[in-house]
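Architecture and fold: a report
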Amino acid sequence: MGDTAAAKQIDGVQLAILNNRLEGIARKMANTLLRTGRSGVLNIARDFSCCIITADDRLLATAESLPIHVLSGPDLMARSIKEFHPVLKKGDAFLHNSPYHGCSHPADHTLIVPVIDDDGVHHFTVLAKAHQADCGNSQPTTYMGNARDVYEEGALIFPGVKVQENYENVGDLIRMCMLRIRVPEQWWGDYLAMVGAARIGERELLSLADEIGWDTLHDFTGQWFDYTESRMVNAIAKMPSGTTSWTSRHDPVPGTPEDGIPINVTVKVNADAGRIAVDLTDNMDALPCGLNLSEACARTAAMIGVFNSIDPSVPKNDGAFRRIDIHLKKNSICGIPEHPTSCSVATTNVADRVANSVQAAIAELEEGFGMAESGAILPASVGVVSGYDPKLKERYVNQLFLAMTGGAAAPGTDAWITLGHVGNAGLCYQDSIELDEMRHPMLVKERRFITDSEGAGKQKGGPGMRVEYGPTRGDMEVAFVPDGTYNPAQGVRGAGRGGSAFQGIRGTDGEITPTANSDVVTLHPGENVVSHCCGGGGYGDPAQRDPARIEKDVREGWISAGRARDVYRVALTAAGEVDEAATEALRAG
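Report on the accompanying structure.

Concerning the overall build of the protein
In terms of regular secondary structure, the protein is built from 15 helices and 20 strands. A compact globule built from 589 residues should have a C-alpha radius of gyration of about 25 Å, and the protein, at 24 Å, falls within 12% of that. With the C-alpha coordinates aligned to their principal axes, the bounding extent of the protein is approximately 80 × 65 × 40 Å. The 589 residues of the protein split such that 61% are buried. The contacts of the protein with a sequence gap of at least 6 include a subset with a gap of at least 24, amounting to 71%. As presented, the protein carries roughly 21,300 Å² of accessible surface, and 49% of it is formed by carbon and sulfur atoms. Seen as two clouds, the 54 positive and the 76 negative side-chain charges of the protein have centres 2 Å apart.

Structural data, given as structure tokens:
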């Protein structure tokens, strides 16, 4: 904590006001992406993030960004930009999606703009990161779980390439994207949305500096980081000290061991020193598949598990990060990848296993800390759909967000049902069925919660969901990389697991045939994909859950009367009310 030695001191009220001003700029950037993005993954599902970092590459303001996009990665990307382009000029913009140079994964196109004053001084950097409906992969999906390397993956990789100079597009780069990416007009619209978001961030920061001065902004930055670090120290001081480990296992896919991928995490909390260390070095080497993590996602996933386990009001910026030590291994499944390792699915599957392991390990330190595991992700209910619409005579490609629940139970509360997955923290929206059917030649036949799919506990995990959909005209390809079929979300401190995933194809005869774990299936009209997304793990002994809450859970259809009796040890009368005497006897036995 030493950024403020020669700075003008800013009082607490001014610190709060300036922080809100900067967060407001990040929100303006995000609002631009939401309102102007062309693909459904942006303007419906909100799979994007915007942030501000300092000129020396420290995360400052993120607004409502997805954690997996921003906790680490923007710092690494901005650093690589300066390495590749030592002389930055006003009007420059850079396209970045290289997982070997700081991006999360190739599908997350990131528009990076240095904020430079009229004297040519670089003060801040703004980033707009937007998940693409298509990024030029060899298959029509942005998640290639079975890609043996980046060459088989096929995505265009941009390691901080200049895409604008003096506020004008570099046409050569735009033409490359338009020729490689499916539905290029959609990509072009999303690209313009990213440019607009980043340029609004640049404009607003320049305007704020005109109002209060660069010196005041830089004084604020150092003091805000120091304040945040002190908040982090206080939060860690409330935790129990100790070292604990946890293993979470990802389901097998082509290119992995037959029993899947074990993710081993060791967490050390030193409450007196105000430090948390997360060790990910005891894990297997990178595998010939698309599940390997980028360095950005490995670091971020570990931090997500930490922040899910402490006071949620601690700001998430470089000041807090100073108190987290993350140990990674080169060329590891969850470490620092080496080219040409594929990191196609880096933001979700294995990253979730890392975050889950950290928060579950902390839960084992002492009652009242950490969280259970969240449900695994990327079932067909959030698959990438593509095809040709014979009526409109045009191609389409988009990722659906029809169902993703999987919230983990916490020490004092039930799960956030629509969390989605631990990496996006519930910030992506679930799709409107009507909008999906309007935009694509498809029909959603069913979307509902699955009874008895929650992780049972004193605090219960989120339930799973079931979705069934298919094409109405023309063939439709659906790509997905589901986890949690064999290894559902684990509960902690005596709680139960969440419901498992399931993916299948309902043929024209009505029979459902299970699919592979990483697949691209072709549906003909009359055929549907049937998808179950995972439930989340519970927290604490289910027999300690308040019987009145169980009565309500049964009445609302979340759990059955049989599960209430067998798992929660709560007996109900024929009228659905708690039978107190029978319940006492069940719990006494």
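Picking up after the structure, the text goes on.
Quick word on the environment of Asn-317
By the element assignment, Asn-317 lies in the loop between helix H9 (295–307) and helix H10 (318–321). Considered as a pair, Asn-317 and Ser-72 are 245 residues apart in the sequence and their alpha carbons are 9.6 Å apart. Separated by 2.8 Å, the side chain of Asn-317 and the backbone nitrogen of Gly-319 make a polar contact.

Here's the deal with the layout of surface pockets
Approximately 990 Å³ is the volume found for the largest pocket. In this structure, the largest pocket is lined by 45 residues; those nearest its centre are Phe-307, Asn-308, Pro-312, Lys-316 and Ala-425. Only helix H1 (12–36), strand E2 (59–61), helix H3 (67–70), helix H8 (214–237) and H9 provide two or more residues apiece to the lining of the largest pocket. Partitioned by chemical class, the residues of the lining of the largest pocket number 26 nonpolar, 13 polar and six charged.

A closer look at unusual backbone geometry
Each neighbour pair has its own omega, and for His-339 with Pro-340 the value is 10 degrees, a cis peptide bond. Inspection of the secondary structure puts Pro-340 in the loop between strand E11 (324–327) and helix H11 (349–363). At Asn-166, a residue that is not glycine, the phi angle is positive and equals roughly 55 degrees. Within the secondary structure layout, Asn-166 lies in the loop between strand E6 (161–165) and strand E7 (168–169).

A short note on the nonpolar core
If you look at the biggest cluster of nonpolar residues, it comprises 133 residues, and the most contacted ones within it are Leu-22, Leu-33, Ile-52, Leu-111, Met-232 and Phe-307. The dominant element in this core, judged by the number of residues it contributes, is helix H7 (residues 184–212), at eleven residues. Ignoring anything within four residues of it in the chain, the contact list for Leu-33 reads Leu-42, Phe-48, Cys-50, Ala-128, Lys-129, Ala-130, Ala-193, Met-194 and Ala-197. Ranked by size, the runner-up nonpolar core spans 20 residues in total, among them Leu-400, Val-444, Ile-505 and Val-529.

Observations concerning the sheet that holds strand E16 (residues 476–480)
With antiparallel pairing, the four strands of this open sheet are ordered in space as E13-E12-E16-E19. Across the chains shown, the open sheet's two edge strands, defined by having one partner strand only, are strand E13 (394–399) and strand E19 (519–523). Neighbouring strand axes in the sheet, compared pairwise and without regard to direction, differ in orientation by 15 degrees on average. Relative to E16, strand E12 (residues 384–389) is paired through four bridges, and the arrangement is antiparallel. Note that in E16 the partner of Ser-386 across the bridge is Glu-477.

Re empty space enclosed by the protein
As enumerated under the stated definition, the model contains six cavities of 30 Å³ or more in all. Each pocket or cavity is described by its volume, and for the largest cavity that value is around 140 Å³. If you trace the largest cavity, you find 19 residues lining it, with Asp-47, Tyr-143, Thr-347, Thr-348 and His-421 closest to the centre. Among the residues making up the lining of the largest cavity, the classes are represented as nine nonpolar, eight polar and two charged.

Rules behind the numbers
- Residues numbered from 1 in each chain as written.
- Predicted model: local features only at pLDDT ≥ 70, side-chain atom pairs only at ≥ 80, totals over all residues.
- Heavy atoms only, no water.
- Helix = DSSP H or I, 4+ residues; strand = E, 2+ residues; numbered from the N terminus.
- Rg over C-alpha atoms; globule rule 2.2 N^0.38 Å.
- Buried < 20%, exposed > 50% of the residue type's maximum accessible area, 1.4 Å probe, protein only.
- Contact = heavy atoms within 4.5 Å.
- Areas by Shrake-Rupley, 256 points an atom, 1.4 Å probe, with all protein chains shown as cover.
- Lys, Arg positive; Asp, Glu negative; His and termini not counted.
- Charge placed at Lys NZ, Arg CZ, Asp CG, Glu CD.
- Polar contact = N/O pair within 3.5 Å; in protein donor to acceptor, adjacent residues only side chain to side chain.
- 1 Å grid on protein atoms, 1.4 Å probe; cavity = no way out; pocket = protein on both sides within 12 Å on 5 of 7 lines; lining within 4 Å.
- Points joined across faces, edges and corners; volume = space filled by probe spheres on them.
- Nonpolar A, V, L, I, M, F, W, Y, C, P; charged D, E, K, R; others polar.
- Core = buried A, V, L, I, M, F, W, Y, C linked by side-chain atoms within 4.5 Å.
- Pairing = 2+ DSSP bridges.
- Axes fitted to C-alpha atoms, helices over the stretch in contact; angles between N-to-C directions.

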